[in-house]
Structure formats: C-alpha cells, structure tokens
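So the chains spell out like this:
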Amino acid sequence: DEIADRGASFRALGENVVVKVTASREGIEAARLLSSGGEVLVTAVYAATQVLPVMASGATYLAPFVGRMIAAGRDGIAEIVSMQRAIDATGSALQVLAGSLRTPEQILELASAGVRSFTFGPPVWDLFFTDELTAASVEQFHELASTSV
C-alpha cells in the first residue's frame, strides 16, 4: 500500500508521469494497483520468468538491464528475447524497455526479436558509426561534395 500510495502521489504531478516500481512481490502488487490509473514501469527484472507476474500486474513497461545480467554471468540477450517472445505469444500490451546496452550488436539482436525500446549512453551511439566501409564512403562523399559546385 505504501508503494502504491507513493506512486499515486507522484502521478499527481502530471499526466505524463510513469511510476517506477521494482520486480518484487510488493512492487508487482503496487503495479497492479497503479496500472488502472496510468503507466507503470517495473524495473530490476533479470530473469525471463519474471515477465509473467509483470504481465499479470497490468504494467506498461518492463525494464531489464542487459549489462547487469551479463556482468552476473547470465545471457542477458537470451533472457530478454525470451521475455519478448512470452509477451508476443500472449498478446500482452507490455513493452520491453531494454537498458544497460553496451553494443549496437546487442541492440540489433533485441530489435530483431521484436524489442522496440532501448536505453544506452553516447559511447554506444558513437559505435553505430565506426564501420570502416561506411567511414571510407562518407569521406569520399564529403570530398566529392566539396569539389563539386
């Protein structure tokens, strides 16, 4: 009740507030209570099986952290792919917000499995533009563009 009450007080700040709770018994119960009044994100989800209570809660978002799973010796990508498959198979409206991503390849693999939302830092964004062939083509394009009038 305390988590739900606090979430409701945050929600009173405005209609665009997403209440964030943890993947615990108390957090899932709070998500169930809060989901009828707006969007809820359940965080600290590290096992594919945890997607089931999150779906049952009516939460809008699920936030697993790939980097933390990998650091703990788990296959974070496989866990999140399993989560997305369960969501798709049940027709749930739950959305995965995959976080703590370290490479564009991780993002591509998750996107290929149907995950549509990601969080990652600027260094990962920069990695999208490090392909040698792309860099050479960009350089050639710029040279041609600067000599043509």
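Thresholds, definitions, all that
Residues numbered from 1 in each chain as written. Predicted model: local features only at pLDDT ≥ 70, side-chain atom pairs only at ≥ 80, totals over all residues. Heavy atoms only, no water. Helix = DSSP H or I, 4+ residues; strand = E, 2+ residues; numbered from the N terminus. Rg over C-alpha atoms; globule rule 2.2 N^0.38 Å. Buried < 20%, exposed > 50% of the residue type's maximum accessible area, 1.4 Å probe, protein only. Contact = heavy atoms within 4.5 Å. Areas by Shrake-Rupley, 256 points an atom, 1.4 Å probe, with all protein chains shown as cover. Lys, Arg positive; Asp, Glu negative; His and termini not counted. Charge placed at Lys NZ, Arg CZ, Asp CG, Glu CD. Salt bridge = Lys/Arg side-chain N within 4 Å of Asp/Glu carboxyl O. Pairing = 2+ DSSP bridges. Axes fitted to C-alpha atoms, helices over the stretch in contact; angles between N-to-C directions. Right-handed = clockwise from strand over helix to strand, strands pointing away. Phe/Tyr/Trp six-rings, centres within 6.5 Å; stacked < 30°, edge-to-face > 60°. Lys NZ or Arg CZ within 6 Å of the ring centre and 35° of its normal.

Digging into the overall build of the protein chain
- The secondary structure content of the protein chain amounts to eight helices and five strands.
- Secondary structure elements of the protein chain occur, N-terminal to C-terminal, as α-β-α-β-α-β-α-α-β-α-β-α-α.
- In terms of overall size, the protein chain is more extended than a compact globule, its C-alpha atoms giving a radius of gyration of 20 Å where 149 residues would be expected to give roughly 15 Å.
- Taking the principal axes of its C-alpha atoms as reference, the protein chain extends roughly 65 × 35 × 30 Å.
- Burial analysis of the protein chain (149 residues in total) assigns 33% to the buried set.
- Restricting the contact set of the protein chain to residue pairs at least 6 apart, pairs at least 24 apart contribute 43%.
- Summing over all exposed atoms, the protein chain offers an accessible surface of approximately 9,200 Å²; the carbon and sulfur share of this is 56%.
- Counting 10 positive and 17 negative side-chain charges, the protein chain places the centres of these two groups 11 Å from one another.

Focus on the pattern of salt bridges
- Counted by the stated rule, this structure contains one salt bridge.
- Here Arg32 makes a salt bridge to Glu29, at a shortest N to O gap of 2.4 Å. Within this pair, Arg32 and its partner Glu29 are both found in helix α2 (residues 25-34), separated by three residues, close to a single helical turn.

A word on the sheet that holds strand β2 (residues 40-45)
- Overall, parallel pairing links the five strands, which are arranged β1-β2-β3-β4-β5 in an open sheet. Whereas interior strands pair on both sides, the edge strands pair on one side only; in this sheet they are β1 (19-22) and β5 (117-118).
- Here two bridges tie strand β3 (residues 61-64) to strand β4 (residues 95-98), and the two strands are oriented parallel to one another. Among the inter-strand pairings, Leu62 is bridged to a residue of β4, identified as Val96.
- α2 rests against β1 and β2 of the sheet, and its axis sits at about 150° to β1.

Overview of the pairing of β4
- Burial along β4 is one-sided: the face carrying Val96 and Ala98 is buried and the face carrying Gln95 and Leu97 is not.
- The pairing of β4 with β5 spans two bridges and is parallel. Residue pairing across strands places Leu97 opposite Ser117, the latter belonging to β5.
- Crossover connection from β4 via helix α6 (residues 104-112) to parallel β5: handedness right-handed.

Considerations on the packing of aromatic side chains
- For the structure on display, the rule yields four aromatic pairs.
- Ring centres 6.4 Å apart and planes at 40° place the aromatic pair Tyr46 and Phe65 in the tilted group. Linking Tyr46 in the loop between β2 and α3 (51-57) with Phe65 in the loop between β3 and α4 (66-71), this pair joins segments that are 19 residues apart in sequence.
- For the pair Trp125 and Phe128, a centre-to-centre distance of 5.8 Å together with 50° between the ring planes defines the contact as tilted.
- Residue placement shows Arg68 over the ring face of Phe65; its charged tip is 5.2 Å from the ring centre.

Interpretation in functional terms is not warranted from these geometric data alone.
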